Amino acid sequence: MEEKKINKLLISSDTLVWYGLDMVFMIAQDLWYDGIDLALWNNFDAWNEEYVKRLVKLYNMPVNVIQTSDNLNKKELNYAISLAKELNVKNININAPKYYNYKARKFVEENLPLYQKAHSTIKFSIINPPKITLLNFIPKYAFSNMVEIFKTYKLSVALDVSNIEEEKFDLHLIKKLAHLIPYIPVIYLSDKDKVWKWHLPLWEWNLKLPTFMKKLKQLEYDGYFSIKVKIDKKDLVDVDKVKLILKKCKTHYLENYVNL
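What comes next is a walk through the structure. Note that this is a predicted model, so its numbers are computed, not measured. (Residues numbered from 1 in each chain as written. Predicted model: local features only at pLDDT ≥ 70, side-chain atom pairs only at ≥ 80, totals over all residues. Heavy atoms only, no water.)

Notes on the overall build of the protein chain
So, point 1. Along its length, the protein chain carries ten helices and ten strands.
So, point 2. Here the C-alpha radius of gyration of the protein chain, 18 Å, is about what a compact globule of 260 residues would show, namely 18 Å.
So, point 3. Across its three principal axes, the protein chain shows a C-alpha extent of roughly 50 × 45 × 40 Å.
So, point 4. For the protein chain, the residues scored as buried account for 52% of the 260 residues in total.
So, point 5. A fraction of 78% describes how many contacts in the protein chain between residues 6 or more apart in sequence connect residues 24 or more apart.
So, point 6. Accessible area for the protein chain stands at about 13,500 Å²; split by element, carbon and sulfur atoms hold 54% of it.
So, point 7. Taken together, the 39 basic and 31 acidic charged side chains of the protein chain have centroids lying 4 Å from each other. (Helix = DSSP H or I, 4+ residues; strand = E, 2+ residues; numbered from the N terminus. Rg over C-alpha atoms; globule rule 2.2 N^0.38 Å. Buried < 20%, exposed > 50% of the residue type's maximum accessible area, 1.4 Å probe, protein only. Contact = heavy atoms within 4.5 Å. Areas by Shrake-Rupley, 256 points an atom, 1.4 Å probe, with all protein chains shown as cover. Lys, Arg positive; Asp, Glu negative; His and termini not counted. Charge placed at Lys NZ, Arg CZ, Asp CG, Glu CD.)

Following this line, the structure appears as structure tokens:
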């Protein structure tokens, strides 16, 4: 009988954007998170491979996901792959480039499917961007169509729920989850409000997150969850306040998914 996979809850290091990587690992360990989602562009010490390996060992805290910038190039992606192989990371998530960043967009379009074939033990996923338009018709970000990512580029999607339009969250996302789950190895958890604020803590409930989590549980989703929230600078200066916010996020995850 095949052993059932257990979901892991990660902290995305871009949640703690002003903190050094040592502090990120320490907070994750103190709060009993399962691992780190390492954002390379927001943690410059993440570019020191030996240092990252030392933190993993020191805190007994794995890196489960590596996240690249929205200005991806060959140097950044090759480093992400090298680090992934050193740390046995199976997921590299790419933030979608802006539509008019032709260089980054072309690099992703032309090279990422080739990288996926060349490094089959790693799953390359594009993080779905918010559907913002310029001049009411030009998309701000490329790769805003999740189906196109699956079918055209043969890649996976790291699902950032806060970037889903509220009116489509229930009508499209939740109802189609059964068809989407095989292509979603990582889900970024946060909430949003009605005045265009993204990545709020989980207890806001403007999105139907409890319903979403219940559906995932029913479908036996076995990927990673990553907490990705924006914390105000005034709160970031108080480590205890930061821990309280992240502890509450974890509590809501446990109540609405693990302990259902």
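Read on, since the account is not over.
Observations regarding the packing of aromatic side chains
So, point 1. In total, this model carries twelve aromatic pairs according to the counting rule given.
So, point 2. Arranged with centres 4.5 Å apart and planes meeting at 25°, the rings of Phe150 and Tyr183 form a pair that is stacked. You can see Phe150 sitting in helix H5 (residues 146–151) and its partner Tyr183 sitting in the loop between helix H7 (177–180) and strand S9 (186–189), a full 33 residues away along the chain.
So, point 3. Judged by its relative accessible area of 9%, Phe150 is buried.
So, point 4. For Tyr183, a relative accessible area of 38% translates into the label partly exposed.
So, point 5. Lying over the aromatic face of Tyr257, Lys217 brings its terminal NZ or CZ to 5.2 Å of the ring centre.
So, point 6. When the ring centre of Tyr188 is taken as reference, the NZ or CZ atom of Lys228 above it lies at 4.9 Å. (Phe/Tyr/Trp six-rings, centres within 6.5 Å; stacked < 30°, edge-to-face > 60°. Lys NZ or Arg CZ within 6 Å of the ring centre and 35° of its normal.)

A look at the sheet that holds strand S5 (residues 123–127)
So, point 1. What the eight strands build is a closed barrel, ordered S1-S2-S3-S4-S5-S8-S9-S10; its pairing is parallel. Each adjacent strand pair in this sheet contributes to an overall mean axis angle of 30°, direction not counted.
So, point 2. One ladder, built from three bridges, connects strand S1 (residues 9–12) with strand S2 (residues 35–39); its direction is parallel. By the bridge assignment for S2, Leu10 is matched with Gly35.
So, point 3. Strands S2, strand S3 (63–68), strand S4 (91–95) and S5 of the sheet are contacted by helix H3 (residues 74–87), whose axis makes an angle of about 180° with S3. (Pairing = 2+ DSSP bridges. Axes fitted to C-alpha atoms, helices over the stretch in contact; angles between N-to-C directions.)

Examining the pattern of salt bridges
So, point 1. Considering all chains together, one arrives at eleven salt bridges under this definition.
So, point 2. A salt bridge links Lys234 to Asp232, with the nearest nitrogen and oxygen atoms 3.9 Å apart.
So, point 3. For Lys234, a relative accessible area of 59% gives the class exposed.
So, point 4. Linked through salt bridges whose partners overlap, the residues forming this network are Asp232, Lys234, Asp235 and Lys241. (Salt bridge = Lys/Arg side-chain N within 4 Å of Asp/Glu carboxyl O.)

Purely spatial values, then, with no claim about function.
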